[in-house]
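# Geometric and topological summary
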2 protein chains.
Amino acid sequence: MAGVVESREWHLTAYAPEGVPTSDHLKLRTVPLSLDVDSIPDHHLIVQNIFISVDPYQRTLMSGLEDGLYFPQTKLNEVVSATTIARVIGSKDSSYREGDIILNPFGPIAEYCVIPSALHLRKVDPASELPLQEYLSSLGLPGFAAWVGIEVLGDPKPGSNVFVSAAAGGVGMFAGQLAKLKGCRVIGSTGSDEKVKLIKEEFGYDDAFNYKTETDLDAVLSKYFPNGIDIYFDNVGGEMLEAVLNHVNTHARIPVCGMISQYKKIWTERQGVRNLLNMVGKEVRMEGFLVGSHLNRFGDFAKEMESYIKEGKISSKLKIYHGIESYLESLGSLFTSSNFGKVIIEVKK
Amino acid sequence: MAGVVESREWHLTAYAPEGVPTSDHLKLRTVPLSLDVDSIPDHHLIVQNIFISVDPYQRTLMSGLEDGLYFPQTKLNEVVSATTIARVIGSKDSSYREGDIILNPFGPIAEYCVIPSALHLRKVDPASELPLQEYLSSLGLPGFAAWVGIEVLGDPKPGSNVFVSAAAGGVGMFAGQLAKLKGCRVIGSTGSDEKVKLIKEEFGYDDAFNYKTETDLDAVLSKYFPNGIDIYFDNVGGEMLEAVLNHVNTHARIPVCGMISQYKKIWTERQGVRNLLNMVGKEVRMEGFLVGSHLNRFGDFAKEMESYIKEGKISSKLKIYHGIESYLESLGSLFTSSNFGKVIIEVKK
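Keep in mind the model is a prediction, meaning the values are calculated, not measured.

With that settled, consider the overall build of chain A. Scanning chain A from N- to C-terminus turns up 9 helices and 15 strands. Principal axes of the C-alpha set define a box for chain A whose edges measure 65 × 45 × 35 Å. Taken across its 349 residues, chain A has 60% of its residues classed as buried. In chain A, the share of contacts with a sequence separation of at least 24, taken over all contacts with a separation of at least 6, comes to 70%. Accessible surface computed for chain A: about 13400 Å², of which carbon and sulfur atoms make up 50%.

Here it is, written out as structure tokens:
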């Protein structure tokens, strides 16, 4: 393939310390990109993005606040990044050929781009019967995050009482299903009655509740956990974490995957968790984690999850936005309880 | 030995939800106790306490607040409990003889008492060259708590940056010294300039500061930890924990032994920790612990600590109060930064 394409990409024009980023902060621009393979350095690839993963942590890279969050802030005027499924359309690495499909973590949110070939996480087997977009969901980092939290850090036992917040979200939906497959009793929380239904009917949780219509989280947890909580898969932090700490059993585990309730606020304005002392009396282990530190287990995860998916034991729900222009809207949807399951942009059919 | 003694003991007459317990809550009473061994059940011992351990957690059993703390609340009119070093003066268990010295965890704070023989943690070797009171300090639960936090949960490496709060206290003094013996760089915080001196000169910490005369904990930690904190041995919770979470390195460990700043308050009035989100980005593991869950390692600990003490590699500081009547004063001293090292009552010479 040769010639030049007009490629659209999202870049950051201003930081958004508060609220959800808008068109004041993120703008789409069109840049020309050569598809001539001779124009790129050795060990690089020209790729065309097919699917782009939209995740809550991306918002934390646009705040301009260097307050100990996940990764360094995106620089102003730089293209924002995401994990994508991409097709190789030019290769200067003998391991890749035109037409290969790759999972590309932290690549540019662009229609086309040039990336170092060393960065990719895996090549997708062309013989795979699974839809490509599952490599950004059940078989990608969201599924892996759920697996690390439940299976590596959570130590689930048959009969363990497991609570998952943001249970209809991209990670939460798998966390609860993996815990169910280990024989646990699993309850989820989410932000709408429609999602409560989804969690119970499609993801097979034992029960679920809508935290937005509950006035007393403590009473809700007493109701759903008469025998206390053994594992809390935390996606939200804040008030819910505080409520959970009043219901933990001895030696409870709290893998913390994220704290979406906390991303929009400057830390000194966040509501503090006042009952951490309970962690001593109940000997609770709380552990923040990033999937990048567990990549040595990715193969184990992929094998297990692929068989669950093929056997129909895990259900995956996707919310697909269309066209790269939908990034702003799809990112915002993560913070308004309006999406179901994993949010993905389909860049091009 | 036979006859009847007049034994004094401390009992709880009212709960103290706030502040430090006073003579309104704890009263000394005198009860007659038969020393006739035929008067006690099988597998019981009559013991005379020699030393009584005074520890911060004891205060949490007198609040009347069932808020998830360490152990069940002491019942009104019951004798309060502590770990003691006691002499057996009558035995209905063939493993014990009159004159044996035992470490008796959670026994009555009394001059004499009858206890089930199954409860003791260890018999003290009469050939031991170490002073008996060390079995309540370096060789007892405080030393063991320091060892569990640093060596079992802390994973110390040569060069690790270690911070210990309440570093002149009964547990803190050993935590820092054990970390030093593992080749770590160790900084401590405490509540008086005199104790800062003690920590540096007697306990051999690399440096120490008085948190009471510092107005900006964040700035202090920046100064003492230019390369961040790898292990925080937490004895205090609250504001100091929040400040630490702004200075943690990736994969930092926070063994939480206690949160003395939090014991006097009803939990909803405690200051919350607002920056737990940092635990995700830095993949921090925070773990509350009680020594009772680690007793299978007590033998390993005792062997290691005894050799450190005999070789003069660990320094132990005791603050001795005299007579059982001093319990109220000695307990109060734990909450006013007025004591050095481990607080112990010598009941009888």
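What follows picks up the thread again.
Here we take up the environment of Ile-231 of chain A. Residues and elements named next belong to chain A. When you line up the elements, Ile-231 lands in strand β11 (residues 229–233). For Ile-231 and Arg-285, which are 54 residues apart along the polypeptide, the C-alpha to C-alpha distance reads 9.7 Å. Excluding residues that lie within four positions of it along the chain, Ile-231 makes contacts with Gly-154, Asp-155, Pro-156, Asn-161, Val-162, Phe-163, Arg-253 and Pro-255.

A few words now on the interface of chain B and chain A. Accessible area lost upon the coming together of the parts is a frequently used measure of interface size. Taken residue by residue, the interface counts 39 residues in chain B and 38 residues in chain A. Carbon and sulfur atoms make up 63% of the area that chain B and chain A hide from each other, which totals about 3200 Å². Three residues, Trp-267, Arg-274 and Leu-277 of chain B, lead the burial of chain B against chain A; their summed loss comes to 23% of the area buried on that side. The class makeup of the residues in the side of chain B that touches chain A is 17 nonpolar, 14 polar and 8 charged. Relative to strand β13 (residues 285–288) of chain B, strand β13 (residues 285–288) of chain A runs antiparallel, the two being bridged by 3 bridges. Residue pairing for β13 of chain B: Met-286 of chain A is matched across the bridge by Met-286 of chain B.

Attention now goes to the pairing of strand β12 (residues 248–256) of chain B. Residues and elements named next belong to chain B. Within β12, 7 of the 9 residues are buried, which leaves it mostly tucked inside the rest of the structure. The parallel pair strand β11 (residues 229–233) and β12, bridged by helix α6 (residues 238–245), forms a crossover whose chirality is right-handed. Strand direction decides the pairing type here: β12 and β13, joined by 4 bridges, are parallel. Counterpart to Arg-253 in the pairing with β13 is Arg-285.

Rotating chain B by 180° about the axis while translating it 0.0 Å along that axis superimposes it on chain A, leaving an RMSD of 0.0 Å. Overall, the copies show the geometry of a two-fold rotation axis. By C-alpha distance to the rotation axis, the residue of chain B lying nearest is Gly-272 of chain B, at 1.8 Å. A shared interface surface links the copies, since 97% of the contact residues of chain B are contact residues in chain A too.

Below, the discussion takes up the state of the cysteines. Residue and element names in this part refer to chain A. Summed over the entire model, instances satisfying the criterion amount to 0 disulfides over all chains. Of the cysteine sulfurs around Cys-184, a residue in no disulfide, the closest is that of Cys-257, at 17 Å. Exposure remark for Cys-257: the relative accessible area of 15% places this residue in the buried category.

Of all hydrophobic cores here, the largest spans 98 residues; its most connected members are Phe-163, Leu-276 and Tyr-327 of chain A together with Phe-163, Leu-276 and Tyr-327 of chain B. Once you skip the residues sitting within four places of it in the chain, Leu-276 of chain B turns out to touch Leu-241, Met-259, Val-273 and Leu-276 of chain A together with Leu-245 and Met-286 of chain B.

Residues and elements named next belong to chain B. All chains considered together, the criterion is met by 29 salt bridges over all chains. Close ionic contact of Arg-8 with Glu-111 constitutes a salt bridge, the shortest N to O distance being 3.1 Å. Within this pair, whereas Arg-8 is found in strand β1 (residues 4–12), its partner Glu-111 is found in the loop between β5 (101–108) and β6 (112–116), the two being separated by 103 residues in sequence. Residue Glu-111 is classed as buried on the basis of its relative accessible area of 13%. Lys-342 is paired through a salt bridge with Asp-55; the nearest N and O atoms lie 3.1 Å apart. In this pair, Lys-342 is assigned in strand β15 (residues 342–346) and Asp-55 in the loop between β3 (44–54) and α1 (57–60), connecting sequence segments 287 residues apart.

Right, let's talk about the sheet that holds β12 of chain B for a bit. The strand order across the open sheet formed by 12 strands is β10(A)-β9(A)-β8(A)-β11(A)-β12(A)-β13(A)-β13(B)-β12(B)-β11(B)-β8(B)-β9(B)-β10(B), and the pairing between neighbours is mixed. Two strands close off the open sheet at either side, each with one partner strand: β10 (207–210) of chain A together with β10 (207–210) of chain B. The sheet shows a mean angle of 15° between the axes of neighbouring strands, direction not considered. On the sheet, helix α2 (residues 141–153) of chain B packs against β8 (161–164), β11, β12 and β13 of chain B and is oriented at approximately 155° with respect to β11 of chain B.

Glancing now at the domain arrangement of chain A. Residues and elements named next belong to chain A. Domain assignment breaks chain A into domain 1 (4–137 + 317–346) and domain 2 (141–292). Here the C-alpha centre of domain 2 lies 28 Å away from the C-alpha centre of domain 1. Domain 1 puts 26 residues into the contact, and the matching count from domain 2 is 28 residues. Both faces combined, the contact of domain 1 with domain 2 buries some 2100 Å², and carbon together with sulfur accounts for 62% of it. Across the contact surface, domain 1 and domain 2 share 1 salt bridge. For the salt bridge of Lys-317 with Glu-202, the shortest nitrogen-to-oxygen distance reads 3.9 Å.

Calculation notes
Residues numbered from 1 in each chain as written. Chains lettered and ligands numbered in written order. Predicted model: local features only at pLDDT ≥ 70, side-chain atom pairs only at ≥ 80, totals over all residues. Heavy atoms only, no water. Helix = DSSP H or I, 4+ residues; strand = E, 2+ residues; numbered from the N terminus. Buried < 20%, exposed > 50% of the residue type's maximum accessible area, 1.4 Å probe, protein only. Contact = heavy atoms within 4.5 Å. Areas by Shrake-Rupley, 256 points an atom, 1.4 Å probe, with all protein chains shown as cover. Buried area = accessible area lost by both parts, 1.4 Å probe. Nonpolar A, V, L, I, M, F, W, Y, C, P; charged D, E, K, R; others polar. Pairing = 2+ DSSP bridges. Right-handed = clockwise from strand over helix to strand, strands pointing away. Least-squares fit on C-alpha atoms with pLDDT ≥ 70 in both. Disulfide = S-S within 2.5 Å. Core = buried A, V, L, I, M, F, W, Y, C linked by side-chain atoms within 4.5 Å. Salt bridge = Lys/Arg side-chain N within 4 Å of Asp/Glu carboxyl O. Axes fitted to C-alpha atoms, helices over the stretch in contact; angles between N-to-C directions. Domains from an automatic or database assignment.

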